[in-house]
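Observations on the model geometry
Chain by chain, the residues run as shown.
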Amino acid sequence: MSGLLERLRGCGWRMTSQRRVVAEVLDGDHVHLTADEVHARAVQRLPEISRATVYNALGELVALGEVMEVSTDGRAKRYDPNAHRPHQHLVCSGCGIIRDVHPNGDPLSGLPAQERFGFDVSKAEVTYRGLCPSCV
């Protein structure tokens, strides 16, 4: 059983065949699929799965904190199952591919105290942009 499926079983998510297929499609490293891509892959495994069921399952997974929504440059939201391991994203400015990256150091340490304006900062989201090897 995969990491995402194990986590979902552990949190008591009712595992219907449709939900299981959505979780299986999302499971893996560097997975950042749109809802339509999740649906297209899910249909290959379970032809009767509806788009609404996929959207509902994705919404539940986000609400549970098991999947993150990732938005870049006004493109369609993507769904990242790597919600439990701190990471940043590397985005290709050409084709939009997203890769998980794990830079050294704490991104919060780069924000000086005088630039925090009294905020109690708890999280930093850093996105690295460039061109992937296919787009160079």
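Here we summarise the structure given alongside this text. (Residues numbered from 1 in each chain as written. Predicted model: local features only at pLDDT ≥ 70, side-chain atom pairs only at ≥ 80, totals over all residues. Heavy atoms only, no water.)

A few words now on the nonpolar core. Val-22, Leu-26, Val-38, Val-54, Leu-58 and Leu-61 are the most contacted members of the largest nonpolar core, which totals 22 residues. With five residues, helix H2 (residues 17-26) is the largest single contributor of residues to this core. Excluding anything up to four places from it in sequence, Leu-58 contacts Val-22, Leu-26, Ala-35, Val-38 and Tyr-79. (Core = buried A, V, L, I, M, F, W, Y, C linked by side-chain atoms within 4.5 Å. Buried < 20%, exposed > 50% of the residue type's maximum accessible area, 1.4 Å probe, protein only. Helix = DSSP H or I, 4+ residues; strand = E, 2+ residues; numbered from the N terminus. Contact = heavy atoms within 4.5 Å.)

With that settled, the discussion passes to the environment of Arg-9. Topologically, Arg-9 is positioned in helix H1 (residues 3-10). Overall, the relative accessible area of 43% leaves Arg-9 in the partly exposed class. C-alpha of Arg-9 to C-alpha of Ala-63: the two residues are 54 residues apart in sequence and 15 Å apart in space.

As a further point, take the sheet that holds strand S3 (residues 78-80). With antiparallel pairing, three strands are arranged side by side in an open sheet as S1-S3-S2. Every interior strand has two partners, whereas the edge strands, strand S1 (33-34) and strand S2 (68-70), have only one. The sheet contact formed by S1 and S3 spans two bridges and is antiparallel. Paired with Leu-33 across the two strands is Tyr-79, which belongs to S3. (Pairing = 2+ DSSP bridges.)

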